[in-house]
There are 2 protein chains.
Amino acid sequence: MTLTNRKVPMTSNTDSRNGPIERRSLHDDVVARVRDMIVTGELPPNSRVPERIICEQLGISRTPLREALKVLAHEGLLDLPPNRGAVVTPLTVEDVNETFEVMGALEALSGELACARITEEEVLEIRSLHSQMLLAYKRGDLPEYFRLNQQIHEAILTASRNHTLQSSYYTLMGRVRRARYMANLSPERWKQAVEEHEDILDALTNRDGARVARILRTHLKNKAEVVKESLLVQRPGEEGGEPPTRSAERGRGIRP
Amino acid sequence: MTLTNRKVPMTSNTDSRNGPIERRSLHDDVVARVRDMIVTGELPPNSRVPERIICEQLGISRTPLREALKVLAHEGLLDLPPNRGAVVTPLTVEDVNETFEVMGALEALSGELACARITEEEVLEIRSLHSQMLLAYKRGDLPEYFRLNQQIHEAILTASRNHTLQSSYYTLMGRVRRARYMANLSPERWKQAVEEHEDILDALTNRDGARVARILRTHLKNKAEVVKESLLVQRPGEEGGEPPTRSAERGRGIRP
DNA sequence: CTTTGCAAAAGTGAATGCAATATGCATAAT
DNA sequence: ATTATGCATATTGCATTCACTTTTGCAAAG
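To keep things clear, this report deals only with the structure shown in the data block.

About the cut-offs
- Residues numbered from 1 in each chain as written.
- Chains lettered and ligands numbered in written order.
- Predicted model: local features only at pLDDT ≥ 70, side-chain atom pairs only at ≥ 80, totals over all residues.
- Heavy atoms only, no water.
- Helix = DSSP H or I, 4+ residues; strand = E, 2+ residues; numbered from the N terminus.
- Buried < 20%, exposed > 50% of the residue type's maximum accessible area, 1.4 Å probe, protein only.
- Salt bridge = Lys/Arg side-chain N within 4 Å of Asp/Glu carboxyl O.
- Least-squares fit on C-alpha atoms with pLDDT ≥ 70 in both.
- Contact = heavy atoms within 4.5 Å.
- Pairing = 2+ DSSP bridges.
- Axes fitted to C-alpha atoms, helices over the stretch in contact; angles between N-to-C directions.
- Parallel < 35°, antiparallel > 145°, perpendicular 65-115°, else oblique.
- Left-handed = near helix turned anticlockwise from the far one by under 90°.
- Nonpolar A, V, L, I, M, F, W, Y, C, P; charged D, E, K, R; others polar.
- Buried area = accessible area lost by both parts, 1.4 Å probe.
- Polar contact = N/O pair within 3.5 Å; in protein donor to acceptor, adjacent residues only side chain to side chain.
- Expected span 1.5 Å × (residues − 1).
- Phe/Tyr/Trp six-rings, centres within 6.5 Å; stacked < 30°, edge-to-face > 60°.

### Description of unusual backbone geometry
In this structure, A:Asn83 is a non-glycine residue whose phi angle is positive, near 65°. Summarising the element assignment, A:Asn83 is placed in the loop between strand E2 (78-79) and strand E3 (86-88). A relative accessible area of 61% means that A:Asn83 is categorised as exposed. Although it is not a glycine, B:Arg161 adopts a positive phi angle of roughly 55°. Structurally, the position occupied by B:Arg161 is in the loop between helix H6 (142-159) and helix H7 (163-176).

### Section: the pattern of salt bridges
A side chain of one charge can pair with a side chain of the opposite charge if their charged atoms are brought near each other. All names here are of chain B. Here the structure, examined in full by the defined rule, presents 34 salt bridges over all chains. Glu-51 is the salt-bridge partner of Arg-62, the closest N and O atoms lying 2.7 Å from each other. Placement of the pair is Arg-62 in helix H3 (residues 62-75) and Glu-51 in helix H2 (residues 51-58), with a sequence separation of eleven residues. With its nearest N and O atoms 2.7 Å apart, the salt bridge here joins Arg-66 to Glu-51.

### Structural notes on the relation of the copies chain A and chain B
When chain A is fitted onto chain B, the two copies agree to an RMSD of 0.1 Å after a turn of 180° and an axial shift of 0.0 Å. What we have between these two chains is a two-fold relation. Both copies share a contact surface, since 100% of the interface residues of chain A are interface residues in chain B too.

### Digging into the sheet that holds strand E2 (residues 78-79) of chain B
Residue and element names in this part refer to chain B. Pairing is antiparallel in the open sheet, where three strands are placed in the order E1-E3-E2. This sheet does not close on itself; its edge strands, each paired only once, are strand E1 (48-49) and E2. Summarising the sheet, E1 and strand E3 (residues 86-88) pair through two bridges and their orientation is antiparallel. Looking at the pairing, Val-49 lines up with Ala-86 of E3.

### Quick word on the environment of A:Leu72
Residues and elements named next belong to chain A. Residue placement: Leu-72 occurs in helix H3 (residues 62-75). Distance from Leu-72 to Ala-32, taken between C-alpha atoms, is 9.3 Å for residues 40 residues apart in sequence. The residues contacting Leu-72, other than those within four sequence positions of it, are Val-31, Val-34, Arg-35, Leu-77 and Leu-78.

### Here's the deal with the packing of helix H8 (residues 187-205) of chain A against helix H9 (residues 209-233) of chain A
Residue and element names in this part refer to chain A. Relative orientation of the contacting elements H8 and H9 amounts to 160°, with a least axis distance of 9 Å. Between H8 and H9, the crossing angle belongs to the class labelled roughly antiparallel. Remark: the crossing between H8 and H9 carries left-handed chirality. Here Arg-189, Gln-192, Ala-193, Glu-196, His-197, Asp-199, Ile-200, Asp-202, Ala-203 and Leu-204 of H8 come into contact with H9, specifically with Arg-211, Val-212, Ile-215, Leu-216, Thr-218, His-219, Asn-222, Lys-223 and Val-226. Of the residues contributing to the contact of H8 with H9, the split by class is eight nonpolar, five polar and six charged.

### A short note on the interface of chain A and chain B
Taken residue by residue, the interface counts 32 residues in chain A and 32 residues in chain B. Carbon and sulfur atoms make up 52% of the area that chain A and chain B hide from each other, which totals about 2700 Å². Across the contact surface, chain A and chain B share eight salt bridges. Among the ionic pairs, A:Arg217 bridges to B:Glu112, the shortest N-O distance being 3.2 Å. On the surface where chain A and chain B come into contact, there are 16 residue pairs in polar contact (both at pLDDT 80 or more). Within the residue set of the side of chain A that touches chain B, elements represented by two or more residues are helix H1 (26-39), H3, helix H4 (93-117) and helix H7 (163-176) of chain A. Counted by class, the side of chain A that touches chain B contains nine nonpolar, ten polar and 13 charged residues.

### A word on H7(A)
Residues and elements named next belong to chain A. Its 14 residues place the ends of H7 20 Å apart at the C-alpha level, agreeing with the 20 Å of an ideal helix rising 1.5 Å per residue. Of all 14 residues in H7, ten are buried, a share of seventy percent or more. Taken together, the buried positions of H7 are occupied by Thr-164, Leu-165, Gln-166, Ser-168, Tyr-169, Leu-172, Met-173, Gly-174, Arg-175 and Val-176. The N-capping residue of H7, defined by a side-chain oxygen 3.1 Å from the backbone nitrogen of Thr-164, is Asn-162.

### Details of the sheet that holds E3(A)
Residue and element names in this part refer to chain A. The three strands lie next to each other as E1-E3-E2, forming an open sheet whose pairing is antiparallel. Only two strands of the sheet have a single partner each, and these edge strands are strand E1 (48-49) and E2. Relative to E3, E2 is paired through two bridges, and the arrangement is antiparallel. Residue pairing across strands places Asp-79 opposite Val-87, the latter belonging to E3.

### Points about the packing of aromatic side chains
Residue and element names in this part refer to chain A. Across all of its chains, the model carries ten aromatic pairs over all chains by this definition. Their ring planes at 65° and their centres at 5.2 Å tell us that Tyr-145 and Trp-190 sit as a pair that is edge-to-face. In this pair, Tyr-145 sits in helix H6 (residues 142-159) while Trp-190 sits in helix H8, placing the two residues 45 residues apart along the sequence. Of the two residues examined, Tyr-145 and Trp-190, each falls in the buried class. With a centroid separation of 5.7 Å and 50° between ring planes, the pair formed by Phe-146 and Tyr-181 is classed as tilted.

Here it is as structure tokens:
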């Protein structure tokens, strides 16, 4: 649970591994760690994030934590009302709508760019991931299906050769990733998603950028529906993770 | 130059204006102020940003400044190598390429959404801005043209009714806005841009989302070319503003 | 029984202090 | 002359402290 075991002052990490000296700042670790706590639901929506509690959990002082909170607030994962402490931003249906509209445009762009820039090796790699994904689908292995699914989209994003696009996409994904929509994938929708992936692979093989873009956008629009349903279905308290303080109980978990 | 004149400790702003109580944190002011310093070129690309200097300029302590620096680094305006201080991220041609590709997709989306959601009043407002912009064009008033141009694009973005889209767009704009490309608008390109705007207004009036999207994307692609040329033309030291330390002179201002 | 007033407690916002790291320069070695 | 080395200085990273705001608990009034 703690990033470090020592309470004594320290600056950078003193790892004794070889290779290029990895100089990460404590701050970056904290951003990643707290973001993870939010995305996984360890810090549920609407729960307060008292600095002192988190500081003790992570074994750090308030300064680096506060720097991290500002960044996460900028990412949209936290609200920071003045003098009232950080609150995990709840995910509304409207948020999901907006975010998926933007992600749809970005993913369409990634498909289009990828068609122009992807290498033959990368197409083969995606084809391999696709085959594995089909197997996971056929045996009903939902978690594995999701994992491979995500890998395929990441591979397309990588092939777009646009880091700005990638980071924008991942930031948005971080916001909606908190919704636990996996269980909401109906057999019909699952089948449809697999078919869409068949089309994507086909269009990608033919380097048909416009078609890849079109399918990806539709694909994401359908996914948005699944995610939205999951928000409506879930009850407060079901999102997993224990509230760090009693204050969290006041929140409704997911705002309708 | 300073945000506050007092050196005494203070928390929130004690403005005595009426209306909804505006509670801005010092931190947010600092983010905005330093971002402005970067965008306007007061802090030129590649210049170091020593905490102490900026603190004295703004009349604040290091803590809020450091929090602001983290956020700006996250926005991509600063690099923060560990223990070596903040450096203003230089804008490369590649950055501009990437950013405009993404902005093109976002602006196309905004046009499409706007067509579906814009009110008649908003169309009239844009038509008014467009007329004023035409006048500015005809009398060769470049600054006024740019201002109205930007207002039109903002109006379309607003009409898209998607705050996530808006904030994503503005973040990306902040990165490329540092390039001073105004002077690089050739008469031919200017004429072309005006014609494109005619088309945009026409398509918007007819609520032809696909067409607005297509034109906006082309429009932005052309703009990207203008911005890229400005990067190649500019010499180091021309970006305005004095480096806060001699260290800045080491930088090349704009990386080719 | 509810509401209001106020004081104590808790928590945030910002400033300061201290240890660790990087930087610059003088000096020495090749 | 050029490169390496050691020390002094400057600057950053984080912890701690102080100041201020909000919340909370409780008592008294309505």
